[in-house]
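What follows is each chain in one-letter form.
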Amino acid sequence: MTTARDDTSRLIGLLLGTESDWPTAFESLVGKLGPVPHAGRQYPITTERVTIEPFDLRDPVRHDVVIDRLAWWYYHPREWLKKAALINDTYLLNNPFTFQAMEKHSAYCAMIRLGFDIPTTVLVPYKNPIDHEKWAYTAGTYNLPFDLDEVAGRVGYPMFMKPFDGGAWRGVSKIDDPDALHKAYNESGEMLMHLQAAVDNFDSFARSLTIGPRTQVMKFRPELPMHDRYEVAHDFLPPSAGAEIETLSRTINAFFRWEFNSCEALVTGTRVQPIDYANACPDISITSLHYYFPWAITQLISWSIFCAVTGRKTKIDTSSREWFDIADNPDFSWNDKLAGYAGLADEYFQTQAYEEFCATSLASLPAIVLDWVDSPAFDDLLVRTVTTTYPASEHDRFLGHFRGLMAMYVADQR
Ligand SMILES: Nc1ncnc2c1ncn2[C@@H]1O[C@H](COP(=O)(O)OP(=O)(O)OP(=O)(O)O)[C@@H](O)[C@H]1O
Ligand SMILES: [Mg+2]
């Protein structure tokens with residue numbers, strides 16, 4: 001049961017898999033921040049790593065906010081999160097119900113409905129029988145034979161074949177011709193696959209990370225090794241494309257009640273084509289984000305403390321209809337629709353109240369983060385992360401690489 005609280009202390013739970021870099025950063029920085037002032041009172045904030053154990057559905061939950069990084073693949077804590085949301089009013093950054101129900105496919109559908117420029121995407125039936133006693137009769141009776149080459153002809157080469165609920169590049173292949181198409185489909189087995197037109201010759205690959213109402217749009221190079229994928233690049237997009245990606249990212253999240261998610265879009269001129277935007281556990285490790293890591297950790301701390309301290313309630317219901325009303329309005333131009341979506345997103349995220357909270361209650365945080373990034377404690381964390389991530393022969397090279405990027409961050413901020 002939710003316990004009535006008369007004190008102001010707030011507990012933020014971290015539900016973790018294997019990561020230890022950003023959680024260490026999070027814990028250190030929240031410790032340095034001290035009690036957070038809000039509405040005339042002081043709110044001491046503590047953090048705790050959540051452990052996994054049997055739970056009675058009626059057990060109390062001590063955490064005010066839980067940041068989840070595990071439930072996308074480990075189902076016991078996923079079910080604990082659902083119970084916490086339904087019974088205890090625990091604040092969760094991502095709605096566990098919609099993240100389970102709305103995989104990549106649903107996200108494509110929703111954004112197509114809202115008018116975003118999603119490449120042509122077709123869902124083809126399973127290649128191999130699924131393991132179900134009713135399969136043979138049902139498929140024999142109702143699965144129409146279909147001509148894969150004809151479907152591919154409609155999508156056009158080159159294309160991507162990828163699972164409808166994809167993630168972590170599992171089962172993704174680029175298809176240039178009919179031979180590759182048949183080979184990939186034959187190998188897809190029991191995976192349910194999309195065929196999606198490839199966006200070729202784009203100017204930039206933009207990956208945006210959104211935490212609460214704020215989005216960082218970063219230049220991404222998926223063909224490079226992980227440590228080099230995020231390029232430090234400012235103003236790499238035409239302003240209208242940058243603004244559209246920001247609205248797109250916040251729209252997806254507000255639409256599905258996700259608050260910690262990343263989105264991939266390919267930009268050609270001013271044209272923005274989103275290709276992937278349902279990532280329940282976006283990569284925020286130091287060795288991926290480097291220069292952008294302080295931004296991410298600052299947002300994660302700010303948004304979770306805002307939710308804990310102001311008593312913001314998790315929304316487990318969605319409000320698709322108000323988005324569709326904008327999408328369906330024949331009098332609206334595309335820019336009108338984007339403005340409408342941005343307005344709904346701001347309403348959902350309480351953007352104004354959040355900005356005020358950051359400027360007053362969390363006014364000291366940016367300087368605390370900057371000093372910490374510029375301190376031996378951060379360097380220790382970097383050394384530990386590099387030595388556990390890369391083989392010994394690569395340590396010096398990577399340490400030099402990341403130290404250089406972080407020094408650039410510190411210089412830019414100062
Ligand atoms: N329609 C497309 N046009 C061009 N490139 C694409 C397209 N779809 C996918 N890709 C490329 O394939 C990569 C993997 O595809 P996608 O992101 O959809 O799969 P994923 O399993 O979610 O991978 P990840 O977890 O790395 O994001 C993309 O990062 C992109 O480089
Ligand atoms: Mg992806």
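Calculation rules
- Residues numbered from 1 in each chain as written.
- Chains lettered and ligands numbered in written order.
- Predicted model: local features only at pLDDT ≥ 70, side-chain atom pairs only at ≥ 80, totals over all residues.
- Helix = DSSP H or I, 4+ residues; strand = E, 2+ residues; numbered from the N terminus.
- Rg over C-alpha atoms; globule rule 2.2 N^0.38 Å.
- Buried ≥ 20, exposed ≤ 12 C-beta atoms within 10 Å, placed from the backbone.
- Contact = placed C-beta atoms within 7 Å.
- Arc of directions from axis to C-beta.
- Near = placed C-beta within 6 Å.
- Nonpolar A, V, L, I, M, F, W, Y, C, P; charged D, E, K, R; others polar.
- Domains from an automatic or database assignment.
- Pairing = 2+ DSSP bridges.
- Axes fitted to C-alpha atoms, helices over the stretch in contact; angles between N-to-C directions.
- Parallel < 35°, antiparallel > 145°, perpendicular 65-115°, else oblique.
- Left-handed = near helix turned anticlockwise from the far one by under 90°.

Looking up the protein chain in an unreviewed UniProt entry gives the name ATP-grasp domain-containing protein, with the organism given as Nakamurella antarctica.

A. Representation of the overall build of the protein chain within the structure. Within the protein chain one finds 17 helices and 15 strands. By the compact-globule yardstick of 22 Å for 414 residues, the protein chain fits well, its C-alpha radius of gyration being 23 Å. Expressed as a percentage of its 414 residues, the buried residues of the protein chain come to 36%. Look at the contacts in the protein chain between residues 6 or more apart in sequence, and 74% of them connect residues 24 or more apart.

B. Highlighting helix α15 (residues 365–373). Residues of α15 that are buried: Leu365, Val369 and Val373. One face of α15 carries all of its buried residues, which in axial projection span an arc of 65°. Of the surrounding secondary structure, the elements contacted by the buried residues of α15 are α1 (21–33), α11 (293–310), α16 (376–389) and α17 (395–413).

C. Summary view of the site of ligand 1. The environment of ligand 1 is formed by 17 residues, the closest being Phe160, Gly166, Val199, Pro222 and Asp276. For the shell around ligand 1, the secondary structure elements donating two or more residues are β8 (159–163), β14 (260–268) and β15 (271–276). Partitioning the shell around ligand 1 into residue classes produces ten nonpolar, three polar and four charged. Both domain 2 (120–197) and domain 3 (204–365) contribute no fewer than three residues apiece to the shell around ligand 1.

D. Region of interest: unusual backbone geometry. Here the bond from Tyr157 into Pro158 is cis, since omega is -10°, no more than 30 degrees from zero. For Ala39, which is not glycine, the phi torsion reads 50° and is therefore positive. At Arg257, a residue that is not glycine, the phi angle is positive and equals roughly 65°. Position of Arg257 relative to the elements: it lies in the loop between α9 (239–256) and β14. A residue is classified by how many C-beta atoms lie within 10 Å of it, and Arg257, with 22 of them, is buried.

E. Region of the structure containing the sheet that holds strand β10 (residues 193–197). Taking strand neighbours across the sheet as the criterion, the four strands line up as β7-β10-β8-β9 in an open arrangement whose pairing is antiparallel. Both outer strands of the open sheet, β7 (121–124) and β9 (173–175), are each paired with one neighbouring strand and no more. Along the sheet, successive strands turn relative to each other by an average axial angle of 25°, direction set aside.

F. A look at the packing of α1 against α11. Contact geometry of α1 with α11 gives a least axis separation of 10 Å together with a crossing angle of 55°. On the basis of the axis angle, α1 is oblique to α11. Like other packed secondary-structure pairs, α1 and α11 cross with a definite hand, here right-handed. Contacts between α1 and α11 pair Trp22, Ala25, Phe26, Leu29 and Val30 from the former with Ile297, Leu300 and Ile301 from the latter.

G. Local environment of the pairing of β14. For β14, the tally of buried residues reaches seven of nine residues, placing the bulk of the element in the interior. Looking at chain direction, strand β11 (residues 204–211) and β14 are connected through eight bridges and run antiparallel. If you follow Ser208 over to β14, its bridge partner there is Cys263. Both β14 and β15 contribute to a ladder of five bridges, which runs antiparallel.

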